Amino acid sequence: MKVRIGRDELLTGLQRVQGVVEKRNTMPILSNILLEAKQDGAEIVATDLEIGMRGLYKATVVKAGGVTVSARKLYEIIKELPDGEIELTSGDNNWTTIQAGKSQFKIVGLPSSDYPALPAIEREGLTPLSGAGLLELIRKTLFAAGDNDARYILNGLLVTLVVSDKKTTLRLVGTDGHRLAVAEQEVGKAGAKGGPQEMKAIIPKKAAQEMRRLLEEGGDGEPLIGFTKNLMIFRKSGLLLTSRLMEGNYPNYQQVIPKEGGKKISVNRLELESALRRVSVLSKDKANAVKVSFSTGKMTLFSSNPDYGEATEELSAQYDGEALQTGFNARYLLDVFSVMDGESISLQMETPLSPCLIREPDSPGFKCVVMPIKI
């Protein structure tokens, strides 16, 4: 294989696959990328057997062929090289030479035939979406999904795509059992003839993170999304991301969301966020516990720690119900506030230990529930 490619083009391709490449190294070849020189350019492929990414980049192909090399080492080398053209050549023993100006590197490669094949993808049946809309939904729900949760299914996002003859709606749900985020919005125009079609799938958190990265790059063209029995397919301007779907039943999250009508307090989001950061400095380390009291016209935050001391802060708020005192993990509340955009937010709960519903008037499609803690 011999190929010439611009440094920026190659760097972009390598940057995109760093998150997909397997770090734990169960199979050595999974820490590699597959670099293939084809007639129409250079293709960069990465997979960890769950998620796969493939992209085609502009390049001059002198000799077609392929090789797999360490994704991280190649990225580190290319990052240090100056702008200009880079020549990549692989020989019979799969050693790969990188030539740029007066710099030359030789790195060990493995045969391209050993690289796991990505699943074959049909081009049909993908639904176009608004990239900005999808990005917004991921941003508002990803934080709530589990990280290595013992309940495997909570380490993913529940995606529901409803395509009707009027509009395309997407709903994402993330929860780790302590907090829950639901975001829904219209992300496209009419799609289906003959009644709405609903597709439900649970995608791994890592797949959602990779989609988010690709969407944050911006660029032309609407992304496309589709689901087969066990695969999610995401296409965006020449890039293909596939992910295995998670198997299992997602918890019935609707049961957890409080119905309208509990005790409701409205408060300025930024004021509450900064007050909570200050008060939580003195909270007990692990639970980040902060006592929250609602009373007429105000909200009070209090934290204490026998080793350090205590902190109290009062905020003005719109509330005229009976006094209520509860407790929260401050970290969970701060995570919610960080993905909200409105000026004012409302917190609503029935009793000191019932779920707390957090909403903002400007985003009717977004709801968040945080479980209180006993203090």
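Scroll up to find the structure this text is about.
Residues numbered from 1 in each chain as written. Predicted model: local features only at pLDDT ≥ 70, side-chain atom pairs only at ≥ 80, totals over all residues. Heavy atoms only, no water.

## Comments concerning the overall build of the chain
Alright, step 1. Each helix and strand in the chain was counted, giving six helices and 26 strands.
Alright, step 2. Principal-axis analysis of the C-alpha atoms gives the chain an extent of 80 × 60 × 35 Å.
Alright, step 3. Within the chain, the proportion of its 375 residues that are buried is 51%.
Alright, step 4. Across the chain, contacts joining residues at least 24 apart in sequence account for 65% of those joining residues at least 6 apart.
Alright, step 5. Summed over all atoms, the accessible surface of the chain reaches about 18,500 Å², with 48% contributed by carbon and sulfur.
Alright, step 6. Treating the 48 positive side-chain charges of the chain as one cloud and the 47 negative ones as another, the clouds have centres 2 Å apart. (Helix = DSSP H or I, 4+ residues; strand = E, 2+ residues; numbered from the N terminus. Buried < 20%, exposed > 50% of the residue type's maximum accessible area, 1.4 Å probe, protein only. Contact = heavy atoms within 4.5 Å. Areas by Shrake-Rupley, 256 points an atom, 1.4 Å probe, with all protein chains shown as cover. Lys, Arg positive; Asp, Glu negative; His and termini not counted. Charge placed at Lys NZ, Arg CZ, Asp CG, Glu CD.)

## Looking at the environment of Leu 239
Alright, step 1. Secondary-structure assignment places Leu 239 in strand S18 (residues 239-244).
Alright, step 2. Look at Leu 239 and you get buried, because its relative accessible area is 3%.
Alright, step 3. Separated by 226 residues in sequence, Leu 239 and Gly 13 place their C-alpha atoms 9.7 Å apart.
Alright, step 4. The contact partners of Leu 239, leaving out residues within four places of it in the chain, are Arg 16, Met 53, Arg 54, Gly 55, Tyr 57, Leu 214 and Phe 234.

## Examining the sheet that holds strand S2 (residues 32-38)
Alright, step 1. Spatially, the nine strands line up as an open sheet ordered S10-S6-S2-S3-S4-S18-S17-S16-S11, and their pairing is antiparallel. A strand with exactly one partner marks an edge of an open sheet, and here the two such strands are strand S10 (109-111) and strand S11 (127-128). (Pairing = 2+ DSSP bridges.)

## Quick look at the nonpolar core
Alright, step 1. Formed by 100 residues in total, the largest nonpolar core has its most connected members in Ile 33, Met 299, Leu 347 and Ile 358.
Alright, step 2. For Ile 33, the residues in contact, after removing those within four places along its chain, are Leu 14, Val 17, Val 21, Ile 44, Val 45, Ala 46, Val 67, Thr 68, Val 69, Ala 71, Leu 74 and Tyr 115.
Alright, step 3. Counting 13 residues, the second largest nonpolar core, distinct from the first, contains Ile 153, Leu 154, Leu 158 and Ile 257. (Core = buried A, V, L, I, M, F, W, Y, C linked by side-chain atoms within 4.5 Å.)

## Quick look at the environment of Lys 206
Alright, step 1. In this fold, Lys 206 is placed in helix H4 (residues 205-216).
Alright, step 2. Overall, Lys 206 belongs to the partly exposed group, its relative accessible area being 24%.
Alright, step 3. Measuring from C-alpha to C-alpha, the distance between Lys 206 and Gly 156 comes to 8.1 Å, with 50 residues separating the pair along the chain.
Alright, step 4. If we ignore the near neighbours within four places in the chain, the residues touching Lys 206 are Gly 19, Val 20, Val 21, Asp 48 and Ile 51.

## Here we look at helix H5 (residues 269-280)
Along an α-helix, residues three or four apart share an orientation, since each turn contains 3.6 residues.
Alright, step 1. For H5, built from twelve residues, the straight-helix expectation of 16 Å at 1.5 Å per residue is met to within 8% by its first-to-last C-alpha distance of 16 Å.
Alright, step 2. Those residues of H5 lying buried are Arg 269, Leu 272, Glu 273, Ala 275, Leu 276, Val 279 and Ser 280.
Alright, step 3. At its buried positions, H5 is contacted by strand S19 (263-268), strand S20 (289-295), strand S21 (298-305), strand S22 (309-316), helix H6 (330-338) and strand S24 (344-349).
Alright, step 4. Two to three positions downstream of the cap, the backbone nitrogen of Leu 270 sits 3.0 Å from a side-chain oxygen, assigning the N-cap of H5 to Asn 268. (Expected span 1.5 Å × (residues − 1). Polar contact = N/O pair within 3.5 Å; in protein donor to acceptor, adjacent residues only side chain to side chain.)

## Focus on the packing of helix H1 (residues 7-17) against helix H2 (residues 71-80)
Packed helices, taken two at a time, are described by the angle their axes make and the gap between the axes.
Alright, step 1. Between H1 and H2, whose axes approach to 10 Å, the crossing angle comes to 145°. Where H1 crosses over H2, the handedness of that crossing is left-handed. Across the interface between the two elements, Arg 7, Leu 10, Leu 11, Leu 14 and Gln 15 of H1 pack against Leu 74, Tyr 75, Ile 78 and Lys 79 of H2.
Alright, step 2. Looking at the contact of H1 with H2 residue by residue, the class counts come to six nonpolar, one polar and two charged. (Axes fitted to C-alpha atoms, helices over the stretch in contact; angles between N-to-C directions. Left-handed = near helix turned anticlockwise from the far one by under 90°. Nonpolar A, V, L, I, M, F, W, Y, C, P; charged D, E, K, R; others polar.)

## Looking at the packing of helix H3 (residues 131-141) against H4
Alright, step 1. Put simply, H3 and H4 touch, their axes get as near as 10 Å, and they point 140° apart. If you check the angle between H3 and H4, you find them oblique. Here the hand of the crossing between H3 and H4 comes out left-handed. Touching Gly 131, Leu 134, Leu 135, Ile 138 and Arg 139 of H3 are Ala 208, Met 211, Arg 212, Leu 215 and Glu 216, all from H4.
Alright, step 2. Across the contact of H3 with H4, the residue classes break down as six nonpolar, one polar and three charged. (Parallel < 35°, antiparallel > 145°, perpendicular 65-115°, else oblique.)

## Re the side chain of Thr 68
Alright, step 1. Here Thr 68 is to be found in strand S6 (residues 65-70).
Alright, step 2. A polar contact of 3.0 Å, which involves the side chain of Thr 68, links it to the side chain of Asn 32.

## Quick look at the pairing of S24
Alright, step 1. Within S24, five of the six residues are buried, which leaves the element mostly enclosed by the surrounding structure.
Alright, step 2. Here six bridges tie S19 to S24, and the two strands are oriented antiparallel to one another. Directly across from Val 267, in S24, lies its bridge partner Ile 345.
Alright, step 3. Of the pairings in the sheet, the one linking S24 to strand S25 (residues 356-359) comprises three bridges and is antiparallel in character. Residue pairing for S25: Gln 348 is matched across the bridge by Leu 357.

## Observations concerning the packing of aromatic side chains
Alright, step 1. The full count for this structure, using the stated rule, is one aromatic pair.
Alright, step 2. Judged by centre distance (5.6 Å) and plane angle (65°), the rings of Phe 294 and Tyr 319 are edge-to-face. Of this pair, Phe 294 sits in strand S20 while Tyr 319 sits in the loop between S22 and strand S23 (324-329); the two residues are 25 residues apart in sequence, bridging distant segments of the chain. Considered together, Phe 294 and Tyr 319 belong to a single accessibility category, that of buried residues.
Alright, step 3. In this structure, Lys 140 is placed above the aromatic ring of Phe 366, and the distance from its NZ or CZ to the ring centre is 4.9 Å. (Phe/Tyr/Trp six-rings, centres within 6.5 Å; stacked < 30°, edge-to-face > 60°. Lys NZ or Arg CZ within 6 Å of the ring centre and 35° of its normal.)

## Notes on unusual backbone geometry
Alright, step 1. With a phi close to 80°, Leu 49 is a non-glycine residue in the positive phi region.
Alright, step 2. With respect to the helices and strands, Leu 49 occurs in the loop between strand S3 (41-47) and strand S4 (51-57).
Alright, step 3. Judged by relative accessible area, which is 39%, Leu 49 ranks as partly exposed.
Alright, step 4. Although it is not a glycine, Ser 237 sits at a positive phi angle of roughly 30°.
Alright, step 5. Following the sequence through the fold, Ser 237 ends up in the loop between strand S17 (231-236) and S18.
Alright, step 6. You can call Ser 237 exposed: its relative accessible area is 51%.

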